[in-house]
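Summary of structural features
Below, each chain spelled out in residue letters.
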Amino acid sequence: MKSDKLLWLTQQIVMDKKIILASNSPRRRELLKGLDIDFDVKVLPDINESYPEGLPVEDTAQYIAKEKAAAYVTLMKADELVITADTIVVVGNEILGKPHDVEDARRMLRLISGRTHQVITGVCLTTTSRVKAFSVKTDVTFKKLSESEIDYYIEHYKPFDKAGAYGIQEWIGYIGVTNLSGSYFNVMGLPVQRIYTELQDM
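Let me begin by describing the structure that accompanies this report. (Residues numbered from 1 in each chain as written. Predicted model: local features only at pLDDT ≥ 70, side-chain atom pairs only at ≥ 80, totals over all residues. Heavy atoms only, no water.)

**Re the packing of aromatic side chains**
Here is the rule: Centres within 6.5 Å are what make two rings of Phe, Tyr or Trp a pair, Trp counting through its six-membered ring; a difference in plane orientation under 30 degrees is then read as stacked, over 60 as edge-to-face, and the rest as tilted. Secondary structure is summarised from DSSP: a helix means a run of H or I of at least four residues, a strand means a run of E of at least two, and numbering begins at the N terminus for each. Only protein chains enter the area calculation, which uses a 1.4 Å probe; residues under 20% of their type maximum are buried, those over 50% are exposed, and those in between are partly exposed.
For the structure shown, the criterion picks out 4 aromatic pairs. Summarising the aromatic geometry, the rings of F142 and Y166 are spaced 5.1 Å apart at their centres and angled 80° between planes, so their arrangement reads as edge-to-face. Remark: Y166 occurs in the loop between α5 (147-157) and α6 (171-176) and F142 occurs in strand β6 (residues 131-142); sequence separation between them is 24 residues. Look at F142 and you get buried, because its relative accessible area is 2%. Among the residues examined, Y166 registers a relative accessible area of 5% and is labelled buried.

**Thoughts on the nonpolar core**
Across soluble globular proteins, nonpolar side chains show a tendency to be buried alongside one another. Our working rule: For this analysis, a nonpolar core means a set of buried residues of the types Ala, Val, Leu, Ile, Met, Phe, Trp, Tyr and Cys, connected via side-chain atoms within 4.5 Å.
If you look at the biggest cluster of nonpolar residues, it comprises 38 residues, and the most contacted ones within it are I83, L109, Y166 and I195. Ranked by residue count, the leading element in this core is strand β3 (residues 80-91), at 5 residues.

**Topic: the pairing of β3**
Under the convention used in this document: Note on pairing: two strands pair once DSSP finds at least 2 bridges between them.
Most of β3 is tucked away, with 12 of its 12 residues classed as buried. Every second residue of β3 is oriented toward a common face, with E80, V82, T84, D86, I88 and V90 on one face and L81, I83, A85, T87, V89 and V91 on the other, all of them buried. Two strands pair when backbone bridges link them, and strand β1 (residues 18-21) and β3 are joined in this way by 4 bridges, in the parallel orientation. Residue pairing for β3: I20 is matched across the bridge by V82. Bridge count between β3 and strand β5 (residues 116-126): 9 bridges; the pairing is antiparallel.

**With respect to the layout of surface pockets**
For the record, the criterion: Residues are said to line a cavity or pocket when one of their atoms sits within 4 Å of a point; the points come from a 1 Å grid over protein atoms alone, cavities being sets where a 1.4 Å probe fits but cannot get out and pockets being open sets with protein on both sides within 12 Å along at least five of seven lines. Grid points are joined across faces, edges and corners, and a volume is the space filled by probe spheres set on the points. Gly counts as polar in this scheme, as do all residues outside two lists: the nonpolar Ala, Val, Leu, Ile, Met, Phe, Trp, Tyr, Cys and Pro, and the charged Asp, Glu, Lys and Arg.
If you add up the space inside the largest pocket, you get close to 880 Å³. Around the largest pocket, the lining is made up of 40 residues, and of these R28, E49, K68, D86 and K98 lie nearest the centre. Of all the secondary-structure elements, those providing two or more residues to the lining of the largest pocket are α2 (26-33), α3 (57-70), β3, β4 (94-96), α4 (102-112) and α7 (184-188). In terms of residue count, β3 provides more of the lining of the largest pocket than any other element does, 5 residues in total. Class assignment for the residues of the lining of the largest pocket results in 21 nonpolar, 9 polar and 10 charged.

**A look at the environment of L190**
Formally: Throughout, a contact is declared for two residues whenever any of their heavy atoms are within 4.5 Å.
Its place among the elements puts L190 in the loop between α7 and α8 (192-201). Among the residues examined, L190 registers a relative accessible area of 0% and is labelled buried. Beyond its immediate sequence surroundings of up to four residues, L190 is in contact with R28, L31, L32, A85, F185 and I195.

**Observations regarding α4**
Under the convention used in this document: Arc definition: directions from the helix axis to the C-beta atoms. Any N or O atom pair separated by 3.5 Å or less is treated as a polar contact, with the protein-specific requirement of one donor-capable and one acceptor-capable atom, and with residues adjacent in sequence counted only for side-chain atom pairs.
If you check which residues of α4 are buried, you get D104, A105, M108, L109 and I112. All buried residues of α4 lie within an arc of 135° about the axis, which places them on one face of the element. Against β3, β4, β5, β6 and α5 lie the buried residues of α4. A distance of 3.3 Å separates the backbone nitrogen of E103 from a side-chain oxygen at the start of α4, and that oxygen is part of D101. Just downstream of α4 lies G114, where phi reads positive at about 70°.

**Overview of the environment of E67**
Structurally, E67 can be placed in helix α3. By relative accessible area, which is 33% here, E67 ends up partly exposed. Between the C-alpha atoms of E67 and S50, which are 17 residues apart in sequence, the distance is 8.9 Å.

**Notes on the packing of α4 against α5**
How we decide: Only the stretch in contact is used when fitting a helix axis, every axis being a line fitted to C-alpha atoms; angles between N-to-C directions are given from 0 to 180 degrees. Angle categories: roughly parallel below 35 degrees, roughly antiparallel above 145, roughly perpendicular from 65 to 115, and oblique for all the rest. For any pair of crossing helices, the crossing counts as left-handed if the nearer helix is rotated counterclockwise from the farther one by less than a right angle, and right-handed if it is rotated clockwise.
Viewed as axis vectors pointing N to C, α4 and α5 meet at an angle of 135°, and their least axial separation amounts to 10 Å. Judged on the interaxial angle alone, α5 and α4 are oblique. Two packed elements cross with a definite hand, and for α4 against α5 that hand is right-handed. Contacts from V102, A105, R106, L109 and R110 of α4 reach α5 at E147, I150, D151, Y153 and I154. Looking at side-chain class alone, the contact of α4 with α5 contains 6 nonpolar, no polar and 4 charged residues.

**As for unusual backbone geometry**
We note that D46 has phi near 60°; this positive angle belongs to a residue other than glycine. Relative to the helices and strands, D46 is located in the loop between β2 (39-41) and α3. Of the residues examined, D46 reaches a relative accessible area of 79% and is grouped as exposed. At K158, a residue that is not glycine, the phi angle is positive and equals roughly 45°. Mapping K158 onto the fold places it in the loop between α5 and α6.

None of the figures reported here should be taken as evidence of function without further support.
What follows is the structure in structure tokens.
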């Protein structure tokens, strides 16, 4: 009875909307699936992910998520709700994107080694009548990484599709993360608890 009631409550969140996840990320698909909400994946090609020079670092991920959402607006149907997201890694005041090559990945991992950085995910929930955007920040602290640990991780896990050149759910997270303040799932790329709450409000 309890499980049936919980399923019913979950379904009520989006009973009148078809959820679309606008992301190629397998990690985001896995995380959203964990909410037990049905959704489809639809990704438009060549979406602009640039941002204005001088934009405050803390606003960047949300700005990009909203820009991604804007590309879907004219294609949306009245019964659809599109989820767009963007995750950045911030060290000091520098945004670390996806590494271009092995040396760039080494540079990023050296930057996060032995210090605390921020992972910020911006999310935009969009329907034909409403746009809800927000961002979630998590502080992540790494131990001092040795050069051999950095090289091992890059060689075996090839983190070239990950902001900051690491995935917390991979080996580097197991051996390197000493402290985390905020949402673990946000660091993986999608703050699903906050999304669940916002979907209820919408």
